[in-house]
Amino acid sequence: MSDLISPTSSQELLFRLNNALASDSDGQKRLDQIVELVSNCMGVEVCSVYLHRDAQTLELCATQGLNPESVHQTRMRVTEGLVGRVSRESTPINTSNAPSEKGFRFMPETGEERYSSFLGVPIQRLGQTLGVLVVQTQNARTFTSDEVKTLAVVATVLAEMRETGILTGEGQALSALHTQSETYKGLVAYEGFAEGRVLLHEPRVVITNPVGKDPEAEQKRLDEAITELRGTVDYLLESQPLHSITAEQREVLETYRMFANSSGWLTRMAENITTGLTAEASVEKEQSEARIRMAKSPDPYLRERFHDLDDLFNRLLRILTGQGRSVTDEIPENPILIARNIGPGELLEYGSTLKGIILEEGSVGSHATIIARTMAIPLIIHVKEITTEALNGDTVCIDGDSGVVHLRPDDAVTEAIHNQIEMTKTAQVKFSKIRDKPAQTRDGTTINLYINAGLIPELPNLIPSGAEGVGLFRTELRFLTTTRIPTREELAQQYSTVIDSADGRPVIFRTLDVGSDKVVPYLNREEEPNPAMGWRATRILLDRTGLLKMQLQSIIRGADGRPFGIMFPMIVSQEEFVKAKTIVLELIKREQKKGHAISDAIEIGAMLETPSLAFAPDSFFQSVDFISIGGNDLKQFFFAADRQNEKVRSRYPALSMSYLKLIKHICDRCTENGTRVSYCGEDAARPELAIILAALGVSSLSMRSSNLGRVKHFLRQVDLNEVRNLFAQSIRDNSPTFKPYIDSVIADCQKSLAEV
Ligand code: PEP
Ligand code: MG
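Residues numbered from 1 in each chain as written. Chains lettered and ligands numbered in written order. Predicted model: local features only at pLDDT ≥ 70, side-chain atom pairs only at ≥ 80, totals over all residues. Heavy atoms only, no water.

Participant: Which parts of the structure should I look at to understand the pairing of strand β21 (residues 626-629)?
Facilitator: For a regular strand, side chains alternate in direction, first toward one face of the sheet and then toward the other. With burial as the criterion, each face of β21 is covered, one bearing Phe626 and Ser628 and the other bearing Ile627 and Ile629. Viewed along the sheet, the connection from strand β20 (residues 603-608) through helix α20 (residues 618-623) into β21 turns out right-handed. Pairing geometry for β21 and strand β22 (residues 676-679), over four bridges, is parallel. Bridge pairing links Phe626 to Arg676 in β22. (Buried < 20%, exposed > 50% of the residue type's maximum accessible area, 1.4 Å probe, protein only. Helix = DSSP H or I, 4+ residues; strand = E, 2+ residues; numbered from the N terminus. Right-handed = clockwise from strand over helix to strand, strands pointing away. Pairing = 2+ DSSP bridges.)

Below you can see the structure in the form of structure tokens.
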């Protein structure tokens, strides 16, 4: 056969393929040309392209050799046949006796039973399998490794063509990629509904020229790009003074450097170029294969390192294509950020313009999650593979109740989400009507409602929310978003702004609560086996009193004579509180001596976040100005369930009677000792919890500002004596949970909400 090329000449094959494709034909014709060319060049009777119709189904889209009638008729599940196996396992199958292979399935309509040899390679891009390219022969033969490589290279080109839409087009049997509606299920890290347009944190690189005409020139381009990449990594590492980057960042950069200099992947990319791919297509082929390996690796550490390698691939692709390098790319209206992961600093840069955030990774306790929560932006995490599917500007909706993300949703879904957003807005309008009214229950008890905050951008919400002040200011957020300890002046400035924003309302600053989930590497470089129970919060401050004093001075100076409250997180025993309070009192004296104005109405309290403190001596309760229950941590320690671990945390709801009995015990002890008690864990923002906490004796609740109106509305509907009776009833009933009892109360309040 005159067209037959030597098996090693994939470069020649690609070249011919490129010429054929340059013609102005439609997607189907192009596919037909490809299969014809491959079968001629490789000297095989059959060449077929199967593409994914959806995640589960493959469709025969073009063939040379099989029955032409079966094109677009033959479909199979990924669980079926050898083609399905290639797609499922993302690995080639090369066999001289196809019928004897595991999973073989006859498809009589194609007439393929005559063919004995089978070579199938996945068509994949960025670790996602888009289809399968198959060649078959009647003679029993095993394909050589060069032939396997050749077919894999053609598959790479096909993948790029599928991505760029060259294979599809209007009126084609197969729709273009990234056009269909997709639904993803993730985990809710911050609830809420959102509709908007995709803003990719790292826009995908699109390769429009996968076939290289001049391998030498391509290799030169790759070498130059790698030199530039190495230079950037070295620069990043060497230009930063040690203390200014975190140990974690440094480790990542070191890994980058290691990868950038390791020969394995560079050799493979060079090999790809010799087969006829352009430098960028070679990089992407290697990246795709690395992603597949990553997905298969059971080792989480290795998987993490693969992410670093993946980042490096992306950098290299950006250098080669010049795409996605500008940060000033247009931001769509109502942007919903989609990223694999994001750091707190980067998230802050986007600011509160974001309507929602969707992450492939992330965790409920990550810094970025903390920031998203403080900015009240709906956040869904663990949304698998969305970055490979979403395109900048696509419509996207977040259902932050159930953790579902709708990409390119149909009208019905968009309308449903839109209605939810409108309902929330309407409810907020209703709540705003009671903004200036007290949260007074029907039996005449007034509960004080405060907001939790930690960043300056949250403060404008204070007054519109109707809050009486800031019940918890998380001072560590400032530390989490920088790479060095902020100066005393910077901190004093921030604290002064907080007090200004409260406009005479009380503000409680929590002293640094770092460690555990809030790791600030420049403060704590040690790896701890069990950080939630390790060297954290006040334990750190009592060992590093210089840091505590610096923070206290900043608060005092920022307040400049105005009153404020301070509370210490994670106090476990009376001794700890006494030590911390002594430092505060001494410092106040010293600052006074230095001439700084100091209010005589400074309050010093403790956060109750461990069960042990609930059983501290009476003298402890008498020595604090107030107790604030940090329910997020208290629940974690009470139930021995990591608050960041989704597998366990949701098993132990706060409405458990065991937990509520602990809360009642704390409230009783506070009442006996005349101590004010508030609750500032996340549960305070949930009406059903707010009601039972109030009934048990909690006199103030501190929560995110967006929920305050709702909580106030519910509190104003209830009679706490009735709730107490229900609590007593549930004890008599031996109920493990208070849920059914409070549900009836909530249902009544819901009715009244509809009537407002
Ligand atoms: C808590 O533990 O309930 C709390 C308010 O503190 P954080 O969530 O910041 O640990
Ligand atoms: Mg806590």
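Participant: Where do I start with the pattern of salt bridges in this structure?
Facilitator: One side chain can pair with another of opposite charge once the charged atoms of both are near each other. Under the counting rule described, the total for this entry stands at 39 salt bridges. Two residues, Glu490 and Arg484, come together in a salt bridge whose shortest N-O distance is 3.1 Å. The exposure class assigned to Glu490 is partly exposed, which follows from its relative accessible area of 27%. Residues participating in the shared-partner salt-bridge network are Glu476, Arg510, Asp513, Arg536, Asp633 and Arg643. (Salt bridge = Lys/Arg side-chain N within 4 Å of Asp/Glu carboxyl O.)

Participant: When you look at the site of ligand 1 in this model, what are you seeing that I'm missing?
Facilitator: In the vicinity of ligand 1, 14 residues are found, and the nearest of them are Arg510, Glu609, Gly630, Asn632 and Arg643. Contact distances for ligand 1 include 2.9 Å between an oxygen atom and a side-chain N or O atom of Arg474. The contact in question runs from an oxygen atom of ligand 1 to an N or O atom on the side chain of Arg643, over 2.8 Å. If ligand 1 stood free it would expose 290 Å²; the protein chains cover 99% of that surface. More than half of the atoms of ligand 1 fall within 2 Å of the grid points belonging to the second largest cavity. Looking at the shell around ligand 1, the elements with two or more residues in it are β17 (470-474) and α21 (631-639). Looking at the shell around ligand 1, the element that brings in the most residues is α21, giving three residues. Residue composition of the shell around ligand 1, by class: three nonpolar, four polar and seven charged. (Near = heavy atom within 4 Å. Polar contact = N/O pair within 3.5 Å; in protein donor to acceptor, adjacent residues only side chain to side chain. Areas by Shrake-Rupley, 256 points an atom, 1.4 Å probe, with all protein chains shown as cover. 1 Å grid on protein atoms, 1.4 Å probe; cavity = no way out; pocket = protein on both sides within 12 Å on 5 of 7 lines; lining within 4 Å. Sits in = over half its atoms within 2 Å of the grid points. Nonpolar A, V, L, I, M, F, W, Y, C, P; charged D, E, K, R; others polar.)

Participant: Quick question: what am I supposed to make of the packing of aromatic side chains here?
Facilitator: Here the structure, examined in full by the defined rule, presents 12 aromatic pairs. Relative to Phe509, the ring of Phe473 has its centre 5.8 Å away and its plane inclined at 75 degrees; by these criteria the two rings are edge-to-face. Here Phe509 lies in strand β18 (residues 507-510) and Phe473 lies in strand β17, a separation of 36 residues in the sequence. Looking at Phe473, the relative accessible area reads 0%, which means it is buried. Ring centres of Phe727 and Phe738 lie 5.7 Å apart, and the angle between their planes is 70 degrees; on these two criteria the pair is classed as edge-to-face. Of the two residues, Phe727 sits in helix α26 (residues 720-732) while Phe738 sits in the loop between α26 and α27 (739-755), which places them 11 residues apart along the sequence. Taken as a pair, Phe727 and Phe738 share a single burial class, namely buried. (Phe/Tyr/Trp six-rings, centres within 6.5 Å; stacked < 30°, edge-to-face > 60°.)

This is a description of form; function is not addressed.
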